Amino acid sequence: ETLCRVAQQLVSKLRPGGRAWFGGNDPSPVNGIDYQEFGQAEWLRCIGDLSRRRGMNVDVEFVLDGDMFRSDTYKESLDGDYLYLQPTYSVLVHRHADHAAAGAAH
């Protein structure tokens, strides 16, 4: 619930056309990193709730961190690769023109 409130606060500050990145979600258990679980379904619910309450038009996309930051993680290993082990992913949020503003433009 706290993570959702913080994410909603940050996303609500985006201007139309703005983007937000939330990385390092759900790190691999082999890393031994302690974290609060907040899966993709929770992200969709959380940002969708904000979108409905505020009339915001947002897209939410999920990308594996390894695919986003290391195109060659499967060919060679480098120091720090443990950060990109699956299922670690990023959440990309893009705010478009708001529903109310889009309707007024027509």
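Fair warning: this is a prediction, and the values are worked out from it, not measured in the lab.

Peer 1: Help me out: how do you make sense of the pairing of strand E3 (residues 89–96) in this one?
Peer 2: Successive side chains on a regular strand alternate, one facing one side of the sheet and the next facing the other. Burial analysis of E3 places 6 of its 8 residues in the buried class, the great majority of the element. Strand direction decides the pairing type here: strand E1 (residues 19–25) and E3, joined by 5 bridges, are antiparallel. The partner of Phe-22 across the bridge, within E3, is Val-91. Pairing of strand E2 (residues 57–64) with E3 involves 8 bridges; the strand directions are antiparallel. Considered in E3, the bridge of Val-60 is made with Val-93.

Peer 1: When you look at a nonpolar patch on the surface in this model, what are you seeing that I'm missing?
Peer 2: A surface patch of nonpolar side chains, about 310 Å² in accessible area, is lined by Trp-21, Met-68 and Phe-69. The residue Phe-69 is located in helix H3 (residues 65–69) in this model.

Peer 1: What is the right way to read the side chain of Gln-8 from this model?
Peer 2: Along the chain, Gln-8 turns up in helix H1 (residues 2–12). Of the polar contacts made by the side chain of Gln-8, one reaches the side chain of Arg-53; its length is 3.1 Å. If we ignore the near neighbours within four places in the chain, the residues touching Gln-8 are Cys-46, Asp-49, Leu-50 and Arg-53.

Peer 1: Hey, could you run me through the packing of H1 against helix H2 (residues 40–54) in this one?
Peer 2: The packing of two helices is summarised by the inter-axis angle and the distance between the axes. Relative orientation of the contacting elements H1 and H2 amounts to 50°, with a least axis distance of 10 Å. Accordingly, the angle class assigned to the pair H1 and H2 is oblique. Like other packed secondary-structure pairs, H1 and H2 cross with a definite hand, here right-handed. Residues Cys-4, Ala-7, Gln-8, Val-11 and Ser-12 of H1 touch H2, and the partners they reach there are Trp-43, Arg-45, Cys-46, Ile-47, Asp-49, Leu-50, Arg-53 and Arg-54. Partitioned by chemical class, the residues of the contact of H1 with H2 number 7 nonpolar, 2 polar and 4 charged.

Peer 1: Help me understand the nonpolar core, please; the structure alone is not making it clear to me.
Peer 2: Taken as a class, soluble globular proteins show a tendency for nonpolar side chains to be buried jointly. Grouped together as the largest cluster of nonpolar side chains are 16 residues, with contacts concentrated most on Val-11, Phe-22, Trp-43, Ile-47, Val-58, Val-91 and Val-93. Those elements that place two or more of their residues in this core are H1, E1, H2 and E3. When residues of this core are assigned to their parent elements, the largest contribution, 4 residues, is made by H2. Each residue touching Val-91, except ones within four places of it in the same chain, is listed here: Ala-20, Trp-21, Phe-22, Asn-25, Trp-43, Val-60, Glu-61 and Phe-62.

Peer 1: I tried to follow the pattern of salt bridges on my own but got confused; where do I start?
Peer 2: Scanning all chains against the criterion turns up 2 salt bridges. For Arg-5, the salt bridge is made with Glu-1, and the minimal N-O distance between the two is 3.2 Å. As a salt-bridge pair, Asp-49 and Arg-53 come within 3.1 Å of each other at their nearest N and O atoms. Highlighted residues: Asp-49 and Arg-53, both in helix H2, separated by 4 residues, approximately one helical turn.

Calculation rules
Residues numbered from 1 in each chain as written. Predicted model: local features only at pLDDT ≥ 70, side-chain atom pairs only at ≥ 80, totals over all residues. Heavy atoms only, no water. Buried < 20%, exposed > 50% of the residue type's maximum accessible area, 1.4 Å probe, protein only. Helix = DSSP H or I, 4+ residues; strand = E, 2+ residues; numbered from the N terminus. Pairing = 2+ DSSP bridges. Patch = residues over 30% accessible without salt bridge, like charges linked within 9 Å, V, L, I, M, F, W, Y side chains within 5 Å. Areas by Shrake-Rupley, 256 points an atom, 1.4 Å probe, with all protein chains shown as cover. Salt bridge = Lys/Arg side-chain N within 4 Å of Asp/Glu carboxyl O. Polar contact = N/O pair within 3.5 Å; in protein donor to acceptor, adjacent residues only side chain to side chain. Contact = heavy atoms within 4.5 Å. Axes fitted to C-alpha atoms, helices over the stretch in contact; angles between N-to-C directions. Parallel < 35°, antiparallel > 145°, perpendicular 65-115°, else oblique. Left-handed = near helix turned anticlockwise from the far one by under 90°. Nonpolar A, V, L, I, M, F, W, Y, C, P; charged D, E, K, R; others polar. Core = buried A, V, L, I, M, F, W, Y, C linked by side-chain atoms within 4.5 Å.

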